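Notes for the structure review
Here are the chains, one letter per residue:
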Amino acid sequence: MPQKSADVLVVGGGNAGFSAAHAAAERGRTVILLERGTAESAGGNSFYTAGATRIAHAGLDDLRDIVEPDERQRATEVPPYSEQEYRDDLERVTDGRTDPQMAQVLVAEAAAGVRWLHGLGLRYRLMYERQAYTRPDGGYLFWGGLHVGNVDGGVGLIADHTRVAERLGVQIRYGADVRGLITDGGSVIGVRYRDDDGDHELRADSVVIAAGGFEANPEMRERHLGAGWGHAKVRGTPYNDGAMIFAALELGAAKGGDWSTAHSVQWDACTPQNESNRELTNRLTRQSYPLGIIVNRDGERFLDEGADFRNYTYAKYGREILAQPGSIAYQIFDAELRPSLRAEEYEMPGISEVIADSARELGEKLGIDAGQFEQTIKEFNAGIDRKCPFDPTIKDGRRSAVEPPKSNWAAALETPPFYAYPVTCGITFTFGGLRGDLDGRVLDENGTPIGGLFACGEALGGLFSGNYPGGSGLAAGIVFGRRAGSAA
């Protein structure tokens, strides 16, 4: 039998894979991390994120030991976010379809996981530009339960992870396209991969699959998510084609979680190179939509933009846009709202932006039904409860009684110029993956662990279905990556 190459092989160099590698290395295990991307294209989906990580905490004082110092903290309120609130949010946004045991582990261990990574050298901060609004007194109020993120976003996250892994002695092999699992007597004992030097095999006691979902595979999206999903734009890495998930299924692994839905957002529809853009990364999202309205190319609204805080709706509204004519829609704001839009997203280089002095002119410039668009805005404005004050820091109940309703943050679109931002569906990751136990051991159809095989991150299904609370994906990668690496 060939000699063992390492104790643990980790397939995939994103947040979950690095978390697994760190945990294994801390136990004294020898670890080889196989990353399909080159050193210049590595990091998986994690590289493309804003770095937001959802954890339970008791407020600002409870976070000071892990976030970077910031003079704004003296005038900042960060509401506590309890484990029960976290659990309730998971239950609510997934319509009760989250795995209850996995959910409990996530909410109980996410904060400890962030503190563990911070202790290893990862840097975190309060996310002022994404999760706080300025108060009239000049202070800051955070909202939506999502307050902490990585310094320098996903770019900083992967840079920090890489530095920690190298210090812990993890061997990182870039450009390693892993395509097969090696077995002996029903247990996984290694992998097969290809790089620029040819084909290779590695042997180990354990293999951890952390290579993401199948969102970058148009054929598999059409098969599992449904017709039209082949047209979605891939927000993150082009390498998450599901190869390792399907390699495990061929060995008898069971599917886990919801294979029919995915995390998908409103994504710039017209900017060139609007897929897997490593320069703009997350800045191609358009997430100030709760302040305005969204119309399709018929000039009609089709969803409740103010149903909840952005953190709880943005990951499901991409599919709503995919279902519209031409898989395109337009976010609409007026001059009063425009200064409140996220600068990092709405003032990015080369943004797709259309400006006009009237609603009819805007509709004509967009090439949509201008008459219907003008009527949509007129009815929306007329339906607003103007006695209710507008307050984006809370669910203010300021609604517009139209169909569909806008439940919160209904601000009249009356002040020219008017602004439109074309958006389509950007897919982030698929919710279905492999079935595992709470330590990431991959299970077969009978619920029996497959020897030597683990999964974490987006490759591990069960937590999310239809939707997810913002920031819980990175948190899950930390928690279940750490568990897999501790058990491998």
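Residues numbered from 1 in each chain as written. Predicted model: local features only at pLDDT ≥ 70, side-chain atom pairs only at ≥ 80, totals over all residues. Heavy atoms only, no water.

What about the packing of helix H3 (residues 83–93) against helix H4 (residues 100–120)?
Packed helices, taken two at a time, are described by the angle their axes make and the gap between the axes. To be explicit about the condition: Note on geometry: axes are lines fitted to C-alpha atoms, helical ones only across the stretch in contact, with angles between N-to-C directions running from 0 to 180 degrees. Helix and strand definitions follow DSSP, with helices as H or I runs of at least four residues and strands as E runs of at least two, each counted in order from the N terminus. In this scheme, a crossing is called left-handed if the near helix is turned counterclockwise away from the far one by less than a right angle; it is called right-handed if the turn is clockwise. For this analysis, residues touch if any pair of their heavy atoms sits within 4.5 Å. Classes in brief: Ala, Val, Leu, Ile, Met, Phe, Trp, Tyr, Cys and Pro nonpolar; Asp, Glu, Lys and Arg charged; the others, Gly included, polar.
Where H3 meets H4, the axes come as close as 9 Å, and the angle between the chain directions of the two elements is 140°. Note that H3 runs across H4; the crossing there is right-handed. Residues Glu-83, Tyr-86, Arg-87 and Leu-90 of H3 form the contact with H4, whose participating residues are Pro-100, Ala-103, Gln-104, Leu-106, Val-107, Ala-108 and Ala-110. Tallied by class, residues from the contact of H3 with H4 come to eight nonpolar, one polar and two charged.

Overview of helix H1 (residues 15–26)
Formally: What a helix is expected to span follows from its residue count: subtract one and scale by 1.5 Å. The classification of residues rests on relative accessible area computed with a 1.4 Å probe and restricted to protein chains. Under 20% of the type maximum is buried, over 50% is exposed, and intermediate values are partly exposed.
Taking 1.5 Å of rise per residue, twelve residues should cover 16 Å, and H1 covers 16 Å from first to last C-alpha, within 8% of that figure. Within the span of H1, buried status applies to Asn-15, Ala-16, Gly-17, Phe-18, Ser-19, Ala-20, Ala-21, His-22, Ala-23, Ala-24 and Ala-25. Where H1 terminates, the next one or two residues include Gly-28, which has phi positive at roughly 90°.

With respect to the layout of surface pockets
Where empty space is left can be seen by rolling a probe of water-molecule size over the atoms. Convention followed: Points on a 1 Å grid, built from protein atoms alone, make a cavity when a 1.4 Å probe fits but cannot get out and make a pocket when they are open with protein on both sides within 12 Å along at least 5 of 7 lines; residues with an atom within 4 Å of a point are the lining residues. Grid points are joined across faces, edges and corners, and a volume is the space filled by probe spheres set on the points. Delimitation of the domains relies on an automatic or database domain assignment.
The computed volume of the largest pocket comes to approximately 470 Å³. Lining the largest pocket are 23 residues, with Glu-129, Ala-132, Tyr-133, Ser-340 and Arg-342 sitting closest to its centre. The residue makeup of the lining of the largest pocket, split by class, is 13 nonpolar, four polar and six charged. Mapping the lining of the largest pocket onto the domain boundaries places at least three of its residues in each of domain 1 (6–213 + 435–487) and domain 2 (263–425). Taken as a whole, the second largest pocket spans an internal volume of roughly 240 Å³. Every residue lining the second largest pocket is counted, 16 residues in all, and those nearest its centre are Tyr-81, Glu-85, Asp-89, Gly-145 and Tyr-312. The leading source of residues in the lining of the second largest pocket is H3, at four residues. Of the residues in the lining of the second largest pocket, the class split is seven nonpolar, three polar and six charged.

What about the sheet that holds strand S6 (residues 132–134)?
Convention followed: What makes two strands pair is DSSP finding at least two bridges between them.
The sheet built from three strands is open, its strands ordered S4-S7-S6 with mixed pairing. Strand pairing shows two members of the sheet lacking a second neighbour, strand S4 (76–77) and S6, which therefore form its edges. Sheet topology places S4 next to strand S7 (residues 140–142); two bridges connect them, and they run parallel. Paired with Glu-77 across the two strands is Leu-141, which belongs to S7.

What about the UniProt feature "domain: FAD-dependent oxidoreductase 2 FAD-binding" (unreviewed entry) in the protein chain?
Spelled out, the test is: UniProt positions are given in the numbering used here, feature names are shortened, and annotations may be inferred rather than shown by experiment.
Per the UniProt entry, the sites bearing "domain: FAD-dependent oxidoreductase 2 FAD-binding" (unreviewed entry) are residues 7–472 in this numbering. End C-alpha atoms of residues 7–472 are separated by 30 Å, and the span's content is 25% helix alongside 23% strand.

Comments concerning the packing of H1 against helix H6 (residues 153–167)
Quick note on the threshold: Oblique is the label for any angle not under 35 degrees, not over 145, and not in the 65 to 115 range, which are roughly parallel, roughly antiparallel and roughly perpendicular in turn.
Between H1 and H6, whose axes approach to 10 Å, the crossing angle comes to 20°. Looking at the two axes, H1 sits roughly parallel to H6. Where H1 crosses over H6, the handedness of that crossing is left-handed. Contacts between H1 and H6 pair Asn-15, Phe-18, Ser-19 and His-22 from the former with Leu-157, Ile-158, His-161, Thr-162, Val-164 and Ala-165 from the latter. Of the residues that constitute the contact of H1 with H6, the class distribution is five nonpolar, five polar and no charged.

Describing helix H11 (residues 359–366)
What counts, and what does not: As used here, the arc is the angular range of directions from the helix axis to the C-beta atoms.
Of all the residues in H11, the buried ones are Ala-359, Leu-362, Gly-363 and Leu-366. Projected down its long axis, H11 carries its buried residues within an arc of 100°, all on one side. Summarising the contacts, the buried residues of H11 are in contact with strand S17 (329–334), strand S18 (354–356), helix H12 (370–382) and strand S19 (418–430). Gly-367 lies just past H11 and shows a positive phi near 75°.

Some details on the nonpolar core
Put simply, the rule is: Only buried residues count toward a nonpolar core. Its members are Ala, Val, Leu, Ile, Met, Phe, Trp, Tyr and Cys residues joined through side-chain atoms within 4.5 Å.
Of all hydrophobic cores here, the largest spans 141 residues; its most connected members are Leu-106, Leu-181, Ile-332 and Phe-480. With eleven residues, the top contributor of residues to this core is H4. The two domains that each donate at least three residues to this core are domain 1 (6–213 + 435–487) and domain 2 (263–425). With near-sequence residues (within four places) excluded, Leu-181 lies in contact with Val-188, Gly-190, Val-191, Arg-192, Val-207, Ile-209, Met-244, Ala-247, Ala-248, Leu-251 and Leu-453.

Focus on the environment of Asn-274
Examined against the element boundaries, Asn-274 turns out to sit in the loop between strand S15 (262–268) and strand S16 (293–296). Taking C-alpha positions, Asn-274 is 23 Å from Glu-35, a pair spaced 239 residues apart along the chain. Look past the residues within four positions of Asn-274 in its chain and what remains in contact with it is Lys-233, Val-234, Trp-267, Asp-268, Ala-269 and Leu-284.

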